[in-house]
Amino acid sequence: MKKNILKIKDLYATINNTEILKGVNLEINSGEIHAIMGPNGSGKSTLSKVITGHPLYKITQGCISFNNEDITYCEPEERANKGIFLAFQYPVEIPGVNNIDFLRLAYNEKQKNNSKPELDPLSFFDLINQKAKEINMDPKFLTRNVNEGFSGGEKKRNEILQMCLLNNQISILDETDSGLDIDALQNISDNINNFFDSKKAIILITHYQRLLNYIIPDFVHIMQNGKIICTGNAELAKQIEKEGYKNLNKI
């Protein structure tokens, strides 16, 4: 039986006193994959950041519920520990911070928050190496600084490693397909499909149909001018790919 995970109602949000989200409504249940598409500047990435509590964005109206709990004004770390994950469009480099130390800290913080046992460095080393193997990631990247000197594809794969490790209930993937060649796209798509199950939900933010050839969404939402103006199934994305957004009023 499906369970409501995320509910967004009449959401308005600003950054630097500029209104970006203008009344977003969205409901996501367990076992569902939702794709969000739209022209540049339509509010897709802003929506992902507002859901995860980015401090630069101010919610001026509406609410966000996660597992029927109001999280509208929760801190980002609270949302992460409750089970919300965001894979960034442009993963940042963190010089001086070892990747495996960063991952262990994130993992143990979530474990602690959920009253589960934390792992010592040796036990975590075994776990993270197994996770890296599962997604075909070279273990050498675990000992390097976070994303420092990584290629675009390696950064995205590191985000997928975090997603699989933290095993959150809802994962928001912001243009995970950008900058990937076809082999990397297939690999990352396979890992996302393997991660997904009936208890989880995924939001894919993308400009292109090609990602949706590998990860089939249950729902496709089109954003424009800060709100969702159209919702359909996977066929809607194919129509957008063929005709563009100019014919939305005909859909």
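A brief structural summary.

Scoring rules and cut-offs
Residues numbered from 1 in each chain as written. Predicted model: local features only at pLDDT ≥ 70, side-chain atom pairs only at ≥ 80, totals over all residues. Heavy atoms only, no water. Pairing = 2+ DSSP bridges. Helix = DSSP H or I, 4+ residues; strand = E, 2+ residues; numbered from the N terminus. Axes fitted to C-alpha atoms, helices over the stretch in contact; angles between N-to-C directions. Core = buried A, V, L, I, M, F, W, Y, C linked by side-chain atoms within 4.5 Å. Buried < 20%, exposed > 50% of the residue type's maximum accessible area, 1.4 Å probe, protein only. Contact = heavy atoms within 4.5 Å. Parallel < 35°, antiparallel > 145°, perpendicular 65-115°, else oblique. Left-handed = near helix turned anticlockwise from the far one by under 90°. Nonpolar A, V, L, I, M, F, W, Y, C, P; charged D, E, K, R; others polar. Expected span 1.5 Å × (residues − 1). Polar contact = N/O pair within 3.5 Å; in protein donor to acceptor, adjacent residues only side chain to side chain.

## As for the sheet that holds strand E12 (residues 227-232)
Link 1 in the chain: With mixed pairing, the six strands of this open sheet are ordered in space as E6-E9-E10-E3-E11-E12. The open sheet has two free edges, formed respectively by strand E6 (84-87) and E12, since each of these has just one partner strand. For this sheet the average axis-to-axis angle between neighbouring strands, irrespective of direction, equals 20°.

## Overview of the nonpolar core
Link 1 in the chain: Grouped together as the largest cluster of nonpolar side chains are 41 residues, with contacts concentrated most on Ile128, Met163, Ile192, Leu204 and Ile222.
Link 2 in the chain: In this structure Ile128 touches Ile100, Leu103, Leu142, Leu161 and Leu165, once residues within four positions along its chain are discounted.
Link 3 in the chain: Ile5, Leu47, Ile64 and Ile84 belong to the second-largest nonpolar core, a separate cluster that totals 29 residues.

## Some words on the packing of helix H4 (residues 121-134) against helix H5 (residues 152-166)
Link 1 in the chain: Their axes nearest at 10 Å, the elements H4 and H5 cross at an angle of 120°. It follows that H4 is oblique to H5 by the angle criterion. Taken as a pair, H4 and H5 cross one another with a handedness that is right-handed. Touching Phe124, Leu127, Ile128, Lys131 and Ala132 of H4 are Leu161, Cys164 and Leu165, all from H5.
Link 2 in the chain: Within the contact of H4 with H5, the residues separate by chemical class into seven nonpolar, no polar and one charged.

## Some points on the pairing of strand E10 (residues 201-205)
Link 1 in the chain: Counting buried residues in E10 gives five out of five residues, a clear majority hidden from the surface.
Link 2 in the chain: Side chains of E10 alternate between two faces, with Ala201, Ile203 and Ile205 and Ile202 and Leu204 buried alike.
Link 3 in the chain: Across five bridges, the pairing between strand E3 (residues 32-37) and E10 is parallel. The residue of E10 that forms the bridge with Ile36 is Ile205.
Link 4 in the chain: One ladder, built from five bridges, connects strand E9 (residues 170-174) with E10; its direction is parallel. Residue pairing in the sheet places Ile170 in a bridge with Ala201 of E10.

## Topic: helix H6 (residues 182-195)
Link 1 in the chain: Between its first and last C-alpha, H6 extends 20 Å over 14 residues, near the 20 Å set by a 1.5 Å rise per residue.
Link 2 in the chain: Within H6, the full set of buried residues consists of Ala184, Leu185, Asn187, Ile188, Ser189, Asn191, Ile192 and Phe195.
Link 3 in the chain: At the N-terminal end of H6, a side-chain oxygen is found 3.2 Å from the backbone nitrogen of Asp183, two or three residues along, and the residue is Asp181.

## A few points about the sheet that holds strand E4 (residues 57-66)
Link 1 in the chain: Spatially, four strands are ordered E2-E1-E4-E5 in an open sheet, and the strand pairing comes out antiparallel. Of all strands in the sheet, those bounded by a partner on one side alone are strand E2 (18-29) and strand E5 (69-70).
Link 2 in the chain: Relative to E4, strand E1 (residues 4-15) runs antiparallel, the two being bridged by eight bridges. Among the inter-strand pairings, Leu6 is bridged to a residue of E4, identified as Phe66.

## Quick word on H5
Link 1 in the chain: Taking 1.5 Å per residue as the helical rise, H5 with its 15 residues ought to reach 21 Å, and the 22 Å between its terminal C-alpha atoms agrees with that figure.
Link 2 in the chain: With respect to burial, H5 is a largely interior element, 11 of its 15 residues being buried.
Link 3 in the chain: The set of residues buried in H5 consists of Lys155, Lys156, Asn158, Glu159, Ile160, Leu161, Gln162, Met163, Cys164, Leu165 and Leu166.
Link 4 in the chain: On its buried face, H5 sits against E6, helix H3 (99-113), H4, strand E8 (145-146), E9 and H6.
Link 5 in the chain: Phi for Asn167, located one or two positions after H5, is positive at around 55°.

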